[in-house]
Amino acid sequence: MKSPCNQICQIDRPTGFCTGCGRTLDEIAEWPKASRERKLRILAELAHRIAVVSNVSPPAV
């Protein structure tokens, strides 16, 4: 499964989320060895996280 990295790598200190992809440093490090199920769980959170670090309303769940 392709990484969600988009080469905009900057960690938002208050949230700990990357402003480019929305993952935490731990999730970024874990990605290459994570199971498909784990990757899907991470991916499911990213839109909400990007909205948080972008200071916009998160998408409805």
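Up top is the structure.
Along each chain, residues carry numbers from 1 onward, in the same order as the chain's sequence is written. Whole-chain, interface and lining totals are the exception, using all residues; otherwise, since this is a predicted model, local features are given only for residues with pLDDT of at least 70 and side-chain atom pairs are given and counted only at 80 or more. Remark: hydrogens and water are excluded; side-chain values derive from all non-hydrogen atoms of the structure.

Peer 1: Explain unusual backbone geometry to me, please; I cannot follow it from the model alone.
Peer 2: Generally, phi is negative for residues other than glycine and the peptide bonds are trans, each holding for most cases. At Q7, a position not held by glycine, the phi torsion is positive, near 65 degrees. Judged by relative accessible area, which is 66%, Q7 ranks as exposed. Any residue under 20% of the maximum accessible area for its type is buried, any over 50% is exposed, and the rest in between are partly exposed; the area is computed with a 1.4 Å probe on protein chains only.

Peer 1: It is not clear to me how the side chain of R23 should be interpreted in this structure. Could you clarify?
Peer 2: By secondary structure assignment, the location of R23 is in the segment before α1 (25-30). Just so you know, the count uses Lys and Arg for positive and Asp and Glu for negative, and it drops His and the chain ends. What counts as a salt bridge is simple: a side-chain nitrogen of Lys or Arg found within 4 Å of a carboxyl oxygen of Asp or Glu. Buried charge without a partner: R23 forms no salt bridge, and the closest opposite charge is E27, 6.2 Å away. Reaching out from R23, the side chain makes a polar contact with the side chain of S3 at a distance of 3.4 Å. Two residues form a contact once any of their heavy atoms are found within 4.5 Å. Residues in contact with R23, not counting those within four places in the same chain, are S3, P4, C5, I11, G16, F17, C18, I28, W31, I42, L46 and R49. A helix here means a DSSP run of H or I that spans at least four residues, while a strand means a run of E at least two residues long, and both kinds are numbered starting from the N terminus. Counted as a polar contact is a pair of N or O atoms within 3.5 Å, where, for protein atoms, one must be capable of donating a hydrogen and the other of accepting one, and residues adjacent in sequence contribute only when both atoms are in side chains.

Peer 1: Please clarify how the side chain of E27 should be interpreted in this entry.
Peer 2: Positionally, E27 belongs in helix α1. Polar contacts involving the side chain of E27 include one to the side chain of R49, which spans 2.5 Å. Residue contacts for E27: discarding those within four places in its chain leaves G22, R38, I42 and R49.

Peer 1: So what exactly am I meant to see when it comes to the pattern of salt bridges here?
Peer 2: Side chains that differ in sign of charge can pair as their charged atoms come close. Evaluation of the coordinates by the stated rule reveals three salt bridges. With its nearest N and O atoms 2.5 Å apart, the salt bridge here joins R49 to E27. Of this pair, R49 sits in helix α2 (residues 36-53) while E27 is found in helix α1, placing the two residues 22 residues apart along the sequence. Take E27: its relative accessible area is 7%, and that puts it in the buried class. When the shortest N-O distance is used, the salt bridge between E30 and R38 registers 2.9 Å. Among the residues examined, E30 registers a relative accessible area of 28% and is labelled partly exposed. A relative accessible area of 24% places R38 in the partly exposed class. Three or more residues are tied together by salt bridges with common partners; here these are E27, E30, R38 and R49.

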